[in-house]
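Structure at a glance
Here are the chains, one letter per residue:
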Amino acid sequence: MASQQNASTAPMTNVTNATTHNGTAPITSPQTLFGLPAEWDFLILTAQVTLSAMCIIWLGANSSLRRPPSAAPPKKDKDKKREKEEKFVEGFVATDAIMMPILAGCLLVGLYYLIKWMEDPELLNKIIRTYMSLMSVMSLGKLSADALHLLTSLVFPAVWMDGAGKLYELDYVRRQQVLLGGDDATETVAQDKKTPFPGYLSAVKLSPKLNGFFWEVRHLLTEEWTLRLAMHGLGRTKLKIKLNDMIGFNIAVLATIAYFVTGLPWLSNVLGTAFSYSAFTLMSPTSFAIGTAVLAGLFVYDIVMVFYTPYMITVATKLDVPIKLVFTGSGRSSMLGLGDIVVPGIFIALALRFDHWRHYEKKIKYEPTVLSTEVGNDASGQTTTVTETKYRSVKAPYVNLQGQWGNRLWTTRLTRPFSQSTATPALAAAAFPKTYFYACMGGYALGMVLTLIMLLVFKQGQPALLYLVPCVAGAAWLTGAVRGELGLMCRFTEDGSLDTEDVVVELDGEGNVIKEVGKKEEGTVSGGVEKDRTPRDKEAPEIPRGDYSVFLISLTAPRQPRHADVKND
């Protein structure tokens, strides 16, 4: 039997119910710690484990980015109905720090005794594999769709920059590329660039029919459709999707069926990656304090289950389900449990969103506001109006960062490959400082290195969270202490309490906020601020009709203006 080099293996329930378990399996260590040539295969395997985990966390954390509470909602067109904005993800609360290790332990112990009672875990493997296969469709569908979106943005970016620094935008309506001015306010049609491709392919001369075909392909892959579903008595829903979302869902179905039938290890890795990736958008601590408490609870759980009980190792080695990433080499295999990716990963994603929140908080402007307060005299019955000047906080509008990978690649100079492009407002918004995120990623890398060193020294499996939790959480809090921002870290929360508009504050002589005076609600400003008399548009109630939809599935696309209409304009 091939020996195993394990960083950690972790039995893990469905990531959507936020129950994660971590542990390790027995190993056979190299003969010497510094015999690098003799253990080159082992070093490659451990590098694969570490880099794979960090790539998943990097991509998952960026996919979890959304409008921070320090940014104003994007403006809607007046002619369109204001759509209900997506709410903040409901994250962990303080009690989860206690309940998660308890529930994880109960599940792990239950699986252990079930395996002992069944003697042959093959039937249990099939049952869990069936369950995981069904649950993996949505996770793998999201991962596949996002991968296709990334590929589309690389082939068909919205903007690109040539070697001379000229910025071009691809205009589908004109079937032409447009040269943008330096201030992004003027534009000129580039007569020599008529293809929908960037770079040298932009000037390739194609037949009108073939060129039109590529423009249609680009439009088909980037256009957003509206999917409406309705069932009488159950309700209705509306989703925004793209063609890549539909293709990704079909890829997920086929891959899940293939895994259920064959059980191939690389398909198990694909499903495990999808579970971890989707967990970043489904699970989140709402604050650094809660995130640290959750990590601390699972930190203790991991140590107890690995060092003091046989539960973790037995379950991890007996179950052959997508709960870990497995990498194989010449005569060896290295495994990393999904819990060792997801648990510290959601904390790292929170650090990235904190960086995002800090970026928009620095953009808040304070406009003078006159407060009027009526002071009454009980004896005379007269009132006196007292006015004073306070400041109203005005948040900067949010710019969506999703889908900018291709634009960043095609607008970054080859001489500065790691620079942050600011060619467009979206790219400039995506270039916000990521101090805490980089610190936590460095802490995760350090924790993985320590895990592997301890694995070699003690020649037995190590609970990865024993090293990952202090390194990741410690990196965040240490960064806050060095930067003098521990108060901001404690104040930051994603529970919705900071997502307010038109807050009236009191400033000191240096322009720092001393306290909040009031905030605008329902057309008024509390705290003595004058009422806003501006009439507000109200959505007209839907007029009931004689017919109704018993069952409805519709897929609609926005009507695009014709090229002839643009010429006439």
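Residues numbered from 1 in each chain as written. Predicted model: local features only at pLDDT ≥ 70, side-chain atom pairs only at ≥ 80, totals over all residues. Heavy atoms only, no water.

The name given to the protein chain in an unreviewed UniProt entry is Intramembrane protease 2, with Coniochaeta hoffmannii as the source organism. Taken from UniProt, the Subcellular location (unreviewed entry) comment for the protein chain reads in full: "Endoplasmic reticulum membrane". (UniProt positions renumbered as here; feature names shortened; annotations may be inferred.)

Secondary structure assignment for the protein chain yields 15 helices and 15 strands. Sequence-distant contacts in the protein chain: of pairs separated by 6 or more residues, those separated by 24 or more amount to 69%. Of the roughly 30900 Å² of accessible surface on the protein chain, 60% is carried by carbon and sulfur atoms. (Helix = DSSP H or I, 4+ residues; strand = E, 2+ residues; numbered from the N terminus. Contact = heavy atoms within 4.5 Å. Areas by Shrake-Rupley, 256 points an atom, 1.4 Å probe, with all protein chains shown as cover.)

Counted according to the given criterion, the structure contains nine salt bridges. Residue Arg-358 is joined to Glu-361 by a salt bridge in which the shortest nitrogen-to-oxygen separation is 2.8 Å. In this pair, Arg-358 and Glu-361 are both assigned in helix H9 (residues 339-361), three residues apart and thus about one turn of the helix distant. In this structure, Arg-358 and Glu-361 share a single accessibility class: buried. One salt bridge in this structure joins Glu-361 and Arg-491, with 2.6 Å as the shortest N-O distance. Residue Glu-361 is located in helix H9, and its partner Arg-491 is located in helix H14 (residues 486-491); the two are separated by 130 residues in the primary sequence. Connected through shared salt-bridge partners, Arg-358, Glu-361, Arg-483, Glu-485 and Arg-491 make up one network. (Salt bridge = Lys/Arg side-chain N within 4 Å of Asp/Glu carboxyl O. Buried < 20%, exposed > 50% of the residue type's maximum accessible area, 1.4 Å probe, protein only.)

Following the UniProt record, one finds the feature "transmembrane region" (unreviewed entry) at residues 42-61, 88-115, 246-267, 287-308, 436-458 and 464-482. Along residues 42-61 one finds 100% helix and 0% strand; the C-alpha atoms at either end are 29 Å apart. The distance separating the terminal C-alpha atoms of residues 287-308 is 31 Å; by composition the span is 91% helix and 0% strand.

Next up on the list: empty space enclosed by the protein. Scanning the model with the defined rule gives two cavities of 30 Å³ or more in all. The calculated volume of the largest cavity comes to roughly 50 Å³. What lines the largest cavity is a set of 10 residues, and nearest its centre among them are Arg-66, Pro-68, Pro-69, Arg-353 and Glu-494. For the lining of the largest cavity, a count of residues per class yields five nonpolar, one polar and four charged. (1 Å grid on protein atoms, 1.4 Å probe; cavity = no way out; pocket = protein on both sides within 12 Å on 5 of 7 lines; lining within 4 Å. Points joined across faces, edges and corners; volume = space filled by probe spheres on them. Nonpolar A, V, L, I, M, F, W, Y, C, P; charged D, E, K, R; others polar.)

Once that is clear, we can look at the pairing of strand E7 (residues 235-241). Pairing geometry for strand E6 (residues 225-231) and E7, over seven bridges, is antiparallel. In the strand pairing of E7, Leu-227 is matched with Leu-239. With antiparallel pairing between neighbouring strands as the criterion, E6 and E7 make up a hairpin whose turn holds three residues, including Gly-233 at a positive phi of roughly 95°. (Pairing = 2+ DSSP bridges.)

The next thing to look at is the sheet that holds E7. With antiparallel pairing, the three strands of this open sheet are ordered in space as E7-E6-E15. Each edge of the open sheet carries a strand with a single partner, namely E7 and strand E15 (551-556). Pairwise comparison of adjacent strand axes, ignoring direction, gives a mean angle of 10° for this sheet. (Axes fitted to C-alpha atoms, helices over the stretch in contact; angles between N-to-C directions.)

A word on the nonpolar core. Phe-288, Leu-319, Ile-341, Phe-347, Ile-348, Phe-354 and Tyr-444 are the most contacted members of the largest nonpolar core, which has 78 residues in total. Counting residues per element, this core draws most heavily on H9, which supplies 13 residues. The residues contacting Ile-341, other than those within four sequence positions of it, are Ala-53, Ile-56, Ile-57, Ser-276, Phe-280, Leu-325, Leu-336 and Tyr-444. (Core = buried A, V, L, I, M, F, W, Y, C linked by side-chain atoms within 4.5 Å.)

So, on to unusual backbone geometry. Even without being a glycine, Arg-175 presents a positive backbone phi close to 55°. Along the chain, the position of Arg-175 falls in the loop between strand E3 (167-171) and strand E4 (176-180). Given a relative accessible area of 28%, Arg-175 falls into the partly exposed group.

In total, this model carries 19 aromatic pairs according to the counting rule given. Ring centres 5.1 Å apart and planes at 70° place the aromatic pair Phe-197 and Phe-214 in the edge-to-face group. Of this pair, Phe-197 sits in the loop between strand E5 (187-190) and helix H4 (208-222) while Phe-214 sits in helix H4; the two residues are 17 residues apart in sequence, bridging distant segments of the chain. With a centroid separation of 6.2 Å and 50° between ring planes, the pair formed by Phe-288 and Phe-492 is classed as tilted. Placement of Phe-288 in helix H7 (residues 288-307) and of Phe-492 in the loop between H14 and strand E12 (503-507) is noted, with a sequence separation of 204 residues between them. Each member of the pair, Phe-288 as well as Phe-492, is classed as buried. Against the face of Tyr-168 rests Lys-193, its NZ or CZ located 5.2 Å from the ring centre. Above the plane of the ring of Tyr-360 lies Lys-363, whose end atom (NZ or CZ) is 5.4 Å from the centre. (Phe/Tyr/Trp six-rings, centres within 6.5 Å; stacked < 30°, edge-to-face > 60°. Lys NZ or Arg CZ within 6 Å of the ring centre and 35° of its normal.)

Another aspect to go through is the packing of helix H12 (residues 435-458) against helix H13 (residues 465-483). Put simply, H12 and H13 touch, their axes get as near as 8 Å, and they point 145° apart. The chirality of how H12 crosses H13 is right-handed. Contacts between H12 and H13 pair Thr-435, Tyr-436, Ala-439, Cys-440, Gly-443, Tyr-444, Leu-446, Gly-447, Met-448, Leu-450, Thr-451 and Met-454 from the former with Tyr-467, Leu-468, Cys-471, Val-472, Ala-475, Ala-476, Thr-479, Gly-480 and Arg-483 from the latter. For the contact of H12 with H13, the class distribution of residues is 14 nonpolar, six polar and one charged. (Left-handed = near helix turned anticlockwise from the far one by under 90°.)

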